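# A closer look at the structure
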Amino acid sequence: YMGRVDFANKTVKLGGLSEHIDTIRRARRLLFIACGTSYNAAIASRQFLEEASQLPVIVDIASDFLDRSCPIFRDDVAIFVSQSGETADTLSALRYCKSKGALVVGVTNTVGSTISRETQCGVHINAGPEIGVASTKAYTSQIIALVLFGLMMAEDRKSMQGRVKEIIQSLQKLPDAIRQVLELDEKMKEIARELYEERSLLVMGRGCNFANCLEGALKIKELTYMHSEGILAGELKHGPLALVDKNMPIIMIVMRDNTHAKSQNALEQIVARHGRPIVICAQGDKLSAGGVDLRTVEVPELCDCIQSVVTVIPLQLLSYHIATLRGLDVDCPRNLAKSVTVE
């Protein structure tokens, strides 16, 4: 955490935001604008940022934001998330918001990048150089940086202090939790052997887990060229349930959080249609549906807003192993560039 978290005193300090944090707390709304994996990281953090700031939090894809010429006000705070700091659409959105008088904040992995130069304040995620085209460690580091930003926003709210301590304790446990999840590599390789010849894969979840469904599906698309879709489990009955049968590969994320009962209900719906989902769940959570014991991938349990960092890793490993089994180049997928510097 690069000295940003004081575990003894349960406090967080992001030096790049210190001078502007009071202005950000007084904002009308927070807008997170990003593309691809960075957009998914903002989605993953949105629920906690709403809770911590008690402000409306809007997450937008930069290209769509520009197409709509979204109204921006002087008391808005626009936060631009980009691994490279050079993403063309995100930069155009930044300049648009700046011209409207909003405070512009950067969250980037690259010191000296255009976004870090053109924003008024910001955070470097310090993930180190990311060589592969498909973003992995930048995604998890962006989530952590945005959670730290939320913790700073909650600093002056007495009602949040218990929650802040709980999250900081989870951050302390996170390195060990990641080490444990990486031990699932062989299990994910085994699952990859079963799935690598399939043509489609659905990834489902809700609440804080939904962003990982989007991100897991994106990694599978990028690395394996297999069709994959991240589906919000609450939307199942509004269409996606029609895809479910005994032949459709499904992965579902079900954690012991405030969405557990509703996610369990979605599992029942899938099993009733002869679906056989592989479930990513908390250690010791013995899930079953329709009297069927489900196949599970168990991960360590952390605080809900940090859990995404742990639950995405099995999906990243799965996409890696499917790609290698298909004989594909994991570092340089076809048709893609690491830094998207054109619109």
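In the block above lies the structure referred to throughout.
Predicted, not measured: the structure shown is a model, and the values here were computed from it. (Residues numbered from 1 in each chain as written. Predicted model: local features only at pLDDT ≥ 70, side-chain atom pairs only at ≥ 80, totals over all residues. Heavy atoms only, no water.)

Among the 6 residues of strand β3 (residues 29–34), 6 are classified as buried, and the element is accordingly described as predominantly covered. Here β3 shows a buried face lined by Arg29, Leu31 and Ile33 and a second buried face lined by Leu30, Phe32 and Ala34. Pairing between β3 and strand β5 (residues 76–82): 6 bridges, direction parallel. Bridge pairing in β5 links Leu30 to Val77. Bridge count between β3 and strand β4 (residues 57–61): 5 bridges; the pairing is parallel. (Buried < 20%, exposed > 50% of the residue type's maximum accessible area, 1.4 Å probe, protein only. Helix = DSSP H or I, 4+ residues; strand = E, 2+ residues; numbered from the N terminus. Pairing = 2+ DSSP bridges.)

Now for the packing of helix α8 (residues 185–195) against helix α11 (residues 304–325). Between α8 and α11, whose axes approach to 8 Å, the crossing angle comes to 50°. One finds that α8 runs oblique with respect to α11. The element α8 and its partner α11 pack so that their crossing is right-handed. Between α8, through Asp185, Met188, Lys189, Ile191, Ala192, Arg193 and Leu195, and α11, the contact on the second element is made entirely by Pro314, Leu317, Leu318, His321, Ile322 and Leu325. Here the contact of α8 with α11 is composed, by residue class, of 9 nonpolar, 1 polar and 3 charged. (Axes fitted to C-alpha atoms, helices over the stretch in contact; angles between N-to-C directions. Parallel < 35°, antiparallel > 145°, perpendicular 65-115°, else oblique. Left-handed = near helix turned anticlockwise from the far one by under 90°. Contact = heavy atoms within 4.5 Å. Nonpolar A, V, L, I, M, F, W, Y, C, P; charged D, E, K, R; others polar.)

For the rest of this paragraph, the subject is the nonpolar core. In this structure, Leu30, Phe32, Phe149 and Leu151 are the most contacted members of the largest nonpolar core, which totals 85 residues. No other element matches the 12 residues that helix α6 (residues 137–153) contributes to this core. By size, the runner-up hydrophobic cluster in this structure holds 20 residues, among which are Ile231, Met248, Cys281 and Ala289. (Core = buried A, V, L, I, M, F, W, Y, C linked by side-chain atoms within 4.5 Å.)

Here the focus is the pattern of salt bridges. Side chains bearing opposite charge may pair, as long as their charged atoms lie close to each other. The full count for this structure, using the stated rule, is 18 salt bridges. A salt bridge links Asp22 to Arg25; the nearest nitrogen and oxygen atoms lie 3.1 Å apart. Placement of the pair is Asp22 and Arg25 together in helix α1 (residues 21–25), with a separation of 3 residues, close to one helical turn. Given a relative accessible area of 46%, Asp22 falls into the partly exposed group. Ionic pairing is found between Arg28 and Asp75, a salt bridge with its closest N-O pair at 3.1 Å. Note that Arg28 is positioned in the loop between α1 and β3 and Asp75 in the loop between α3 (62–68) and β5, a separation of 47 residues in sequence. For Arg28, a relative accessible area of 42% corresponds to the partly exposed category. For Asp75, a relative accessible area of 36% corresponds to the partly exposed category. Connected via shared salt-bridge partners are Asp22, Arg25, Glu155 and Asp156. (Salt bridge = Lys/Arg side-chain N within 4 Å of Asp/Glu carboxyl O.)

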